[in-house]
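Descriptive structure summary
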Amino acid sequence: PTQVICVRYDSAGGDSIATASEDSTVKLWHTSNGQLLKTLHGSSSQVMLGLDLSGDLAAGCGSDKTCRVWNIRTQRLVHQLVGHSQ
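Everything numeric here is computed off the predicted structure, so don't read it as measured data.

Turning our attention to the nonpolar core. Within the largest apolar cluster, 12 residues are counted, these being Cys6, Ala18, Ala20, Val26, Leu28, Leu40, Met48, Leu51, Leu53, Ala58, Trp70 and Ile72. The biggest single contributor to this core is strand E5 (residues 48–54), with 3 residues. Excluding its chain neighbours within four sequence positions, the residues that come into contact with Met48 are Ile5, Ala20, Ser21, Ser24, Thr25, Val26, Gly42, Gly60, Cys61, Gly62 and Trp70.

Time to look at the sheet that holds strand E4 (residues 36–41). Spatially, E1-E2-E3-E4 is the arrangement adopted by the 4 strands of the open sheet, whose pairing is antiparallel. Edge positions in the open sheet fall to strand E1 (4–9) and E4, since each of these has one partner strand only. Direction aside, the axes of adjacent strands within the sheet are offset by 20 degrees on average.

The rules behind each value
- Residues numbered from 1 in each chain as written.
- Predicted model: local features only at pLDDT ≥ 70, side-chain atom pairs only at ≥ 80, totals over all residues.
- Heavy atoms only, no water.
- Core = buried A, V, L, I, M, F, W, Y, C linked by side-chain atoms within 4.5 Å.
- Buried < 20%, exposed > 50% of the residue type's maximum accessible area, 1.4 Å probe, protein only.
- Helix = DSSP H or I, 4+ residues; strand = E, 2+ residues; numbered from the N terminus.
- Contact = heavy atoms within 4.5 Å.
- Pairing = 2+ DSSP bridges.
- Axes fitted to C-alpha atoms, helices over the stretch in contact; angles between N-to-C directions.

Take a look at the structure:
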């Protein structure tokens, strides 16, 4: 089984929880029934270490020192922020 590294609740009024995992994914779950809603993919070889939700966006930070921002509705990567030194 894949280890979950970070969990965030959608405090903007949504009914979802997001998890970041060692398999480089961010997954969105429905809180009332536990159904998997979306799977967002990061780098195939890097652990996803943290995440945050804001409206229609999800941001995940990986062990490759890169932050990725996805549009939750389309599941598309909209920004990739590279260059973090720590």
